[in-house]
Amino acid sequence: MHAANLAEPEGRDTTGSLRLAEILAALSKALDLTEGQPPGHCIRCCYIGVHIARKIGLDVARTGELYYTLLLKDLGCSSNAARICELYLTDDIGFKRSFKEIDDSLAHVLRFVLQQTGLKAGLAERFRALANIVRNGGAIAQEMIETRCQRGAAIARKMRFGEAVAAGIRSLDEHFDGAGRPQGLTGEAIPLYSRVALLAQVADVFFRVGGIAAALAEVRARSGGWFDPALVAAFESLAADQEFLAKLGEDDLSETVLGLEPAQARRAVDEDYLDDIAEAFAEVVDSKSPYTSGHSERVALFTDMIAEAMGHSPADRRRLKRAALLHDIGKLGISNAILDKPGRLTEAEFAEIRRHPAYSQEILSTIGAFAGLAVIGGRHHERLDGKGYPLGLAAADIGLDVRIVTVADIFDALTADRPYRPAMPLSKALAILDEGTGTIVDGECVAALRRALVRLDEERAAA
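Everything numeric in this text was worked out from a predicted model, so none of it was measured.

### Here we look at the pattern of salt bridges
If you walk through the whole model with that rule in mind, you get 30 salt bridges. The salt bridge involving E250 is made with K247; its shortest N-O contact spans 3.4 Å. According to the relative accessible area criterion, E250 is partly exposed, its value standing at 32%.

Right under this line is the structure:
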């Protein structure tokens, strides 16, 4: 993604008459990040999949369900990132991107694993990793795919989608011949939405790599194996449509795909639904690393405690909680080889870490309801003394909203386990915040956090 313009003033977000499709199409670009795909991959898959649905005569109601399945097909993909790094001793994002670009022959898969595993590790460590993969490859694949699929389906349910959409996401890696995972389903026992989504995914990846000829060749080669032959025939028909191909080759299909959503399937978004969406995508972010499990939810809790102690209105508190839930969405674009590294980061690795606020701002700024939160995502690592990142802003350019979330973020980071140190006691964390008052963090926000923690302690004692 390109660096966002982080110098915009803070604003207020409003729901207006937002459609669910607009929000999810924008957020799907965060899912593209974690899969190492160019921005718009899920959107392009939606474009391909809906056109396949039209070719096979799918009714409007089911096309609407398929539409959301395609946008959200990768909801669970962040959950296997840390495991990929652990097993293959490599960059999870690059690994995922490259793996999607090879054909499914056993020889090519084995060569890929040999080439990718432990590229920066010592010889002995690389040998042990390869031996483990060779010995336990089937169980490893089953574990990672099952985790991803189950997590994705669970998050879809949290976003108020029914079992048809959840099942479509859960069975994305099933193959028509029964050789897929996690259940080894065969033929039409695989949900139709899953069959369409897998074909659309492979078609888009190979179209981006080598054009329609490469996409057609790959889809045809997997017909009857990975793919339903009837869906392959539908894609072949689409491949002969020059208007379809011209549109597929455009850089941004967002508006086109919004226009493809069946009118009967359109959903409006109210404030409660926005909260559910923010919570769901916070789970996607936190699933990326075992060290960030629950981080966004806790930052939202501490943010709300600080805001309440400072006298903010319920509406402001609700807005700030959403900002806290989504502040780290840009971390989906950072490899777990860096996020989970137990030792000191290199300059290059730290430079990569410094990009995640810009990614957060870029993603959030494209969503009307979250645009006012984008600056918080972009600035939560700035410091009052100007030594923060990514812009090194002066204190005058760091608004109160950002200062609140920054204190909550640092407090949770200090009081949670990290790859490089165990969790700190609350007293030590608060002492560190006191030391940083005026240089790193805002003293009024720290004082508000203290008051909130004292009140919480009193309430517990009285309970």
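Next comes the rest of the write-up.
### Section: the state of the cysteines
Going through the model one piece at a time under the given rule, you end up with 0 disulfides. C42 provides the cysteine sulfur closest to C45, a residue in no disulfide bond, and the two sulfurs are 6.1 Å apart. Exposure remark for C45: the relative accessible area of 0% places this residue in the buried category. Cysteine C149 is unpaired, with the sulfur of C77 as its nearest cysteine sulfur at 8.1 Å.

### Topic: the side chain of D204
If you trace the backbone, D204 turns up in helix α9 (residues 192-221). Taking the relative accessible area as the measure of exposure, D204 reaches 0% and is therefore buried. Look past the residues within four positions of D204 in its chain and what remains in contact with it is H41, R44, C45 and I48.

### Some words on helix α1 (residues 20-34)
Taking 1.5 Å per residue as the helical rise, α1 with its 15 residues ought to reach 21 Å, and the 22 Å between its terminal C-alpha atoms agrees with that figure. Counting buried residues along α1, 14 of its 15 residues qualify, which places the element largely inside the surrounding structure. Positive phi shows up at G36, right after α1, with a value of about 70 degrees.

### A short note on a negative patch on the surface
There is a patch of like negative charges on the surface, built from E22, D251, D252 and E255. Following the sequence through the fold, E255 ends up in helix α12 (residues 254-260).

### A few points about the environment of F370
Relative to the helices and strands, F370 is located in the loop between α18 (356-365) and α19 (374-379). What makes F370 buried here is its relative accessible area of 0%.

### Remarks on the packing of helix α14 (residues 295-309) against helix α15 (residues 314-326)
The N-to-C vectors of α14 and α15 enclose an angle of 150 degrees; their axes lie 8 Å apart at closest approach. The orientation of α14 relative to α15 falls into the category roughly antiparallel. Crossing of α14 over α15 shows right-handed handedness. Where α14 abuts α15, its residues S296, E297, V299, A300, T303, D304, A307 and E308 lie against R317, L320, K321, A324 and L325.

### Observations regarding the packing of aromatic side chains
Per the stated rule, a full pass over the model turns up 6 aromatic pairs. Residues W226 and F227 carry aromatic rings whose centres are separated by 6.2 Å and whose planes lie at 80 degrees to one another, so their mutual orientation is edge-to-face. Accessibility expressed as a relative area gives 23% for W226, which makes it partly exposed. Within the aromatic cluster, the residues linked to one another by ring pairs are Y67, Y68 and F161. For the cation-ring pair, R222 lies above W226, with the distance from its terminal atom to the ring centre recorded as 4.1 Å.

### Concerning the nonpolar core
If you look at the biggest cluster of nonpolar residues, it comprises 117 residues, and the most contacted ones within it are L24 and F281. Take this core: its biggest share by element is 15 residues, from α9. When near neighbours in sequence (up to four residues on either side) are disregarded, L24 contacts Y68, L71, L72, M159, F161, I277 and F281. Residues I338, L339, I353 and Y359 belong to the second largest nonpolar core, which totals 6 residues.

How each quantity is defined
Counting restarts for each chain, with residues numbered from 1 along the sequence as it is written. For this predicted model, a pLDDT threshold of at least 70 governs which residues receive local features, and a threshold of 80 or more governs which side-chain atom pairs are given and counted, while totals over whole chains, interfaces and linings are taken from all residues. The side-chain numbers reported here are obtained from all heavy atoms of the structure, hydrogens and water having been left aside. A pair is scored as a salt bridge if a Lys or Arg side-chain nitrogen falls within 4 Å of a carboxyl oxygen belonging to Asp or Glu. Remark: exposure states derive from per-residue accessible area (1.4 Å probe, protein chains only) relative to the maximum for the residue type, with buried under 20%, exposed over 50%, and partly exposed in between. By disulfide we mean two sulfur atoms from cysteines, separated by a distance within 2.5 Å. For the purposes of this entry, the term helix denotes a DSSP run of H or I that reaches at least four residues, the term strand denotes a run of E that reaches at least two, and both are numbered from the N terminus. Any pair of residues with heavy atoms lying within 4.5 Å of one another is described as a contacting pair. By this rule the span expected of a helix is its residue count minus one, scaled by 1.5 Å. The patches reported here contain residues having more than 30% relative accessible area and no salt bridge. Joining distances are 9 Å for like charges and 5 Å for nonpolar side chains (Val, Leu, Ile, Met, Phe, Trp, Tyr). The Shrake-Rupley method, run with a 1.4 Å probe sphere, supplies the accessible areas, and residue values consider only the shown protein chains as cover. Counted as positive: Lys and Arg. Counted as negative: Asp and Glu, with His and the chain ends omitted from the count. By convention, charge coordinates are those of NZ in Lys, CZ in Arg, CG in Asp, or CD in Glu. Here the axes come from fitting lines to C-alpha atoms, over the contacting stretch only for helices, and the angles between their N-to-C directions go from 0 to 180 degrees. For classification, angles of less than 35 degrees are called roughly parallel, those exceeding 145 degrees roughly antiparallel, those between 65 and 115 degrees roughly perpendicular, and all remaining angles oblique. Throughout, a crossing is termed right-handed when the near helix is turned clockwise from the far one, and left-handed when it is turned anticlockwise from it by less than a right angle. Aromatic pairs are defined between Phe, Tyr and Trp rings, using the six-membered ring for Trp, whenever the two ring centres lie within 6.5 Å; interplanar angles under 30 degrees are classed as stacked, those over 60 as edge-to-face, and all others as tilted. Comment: the charge-over-ring label is applied if NZ (Lys) or CZ (Arg) is within 6 Å of the ring centre and within 35 degrees of the ring normal. Side-chain atoms within 4.5 Å are what join buried Ala, Val, Leu, Ile, Met, Phe, Trp, Tyr and Cys residues into a set we call a nonpolar core.

Everything listed here is a matter of coordinates, which is why it stays silent on function.
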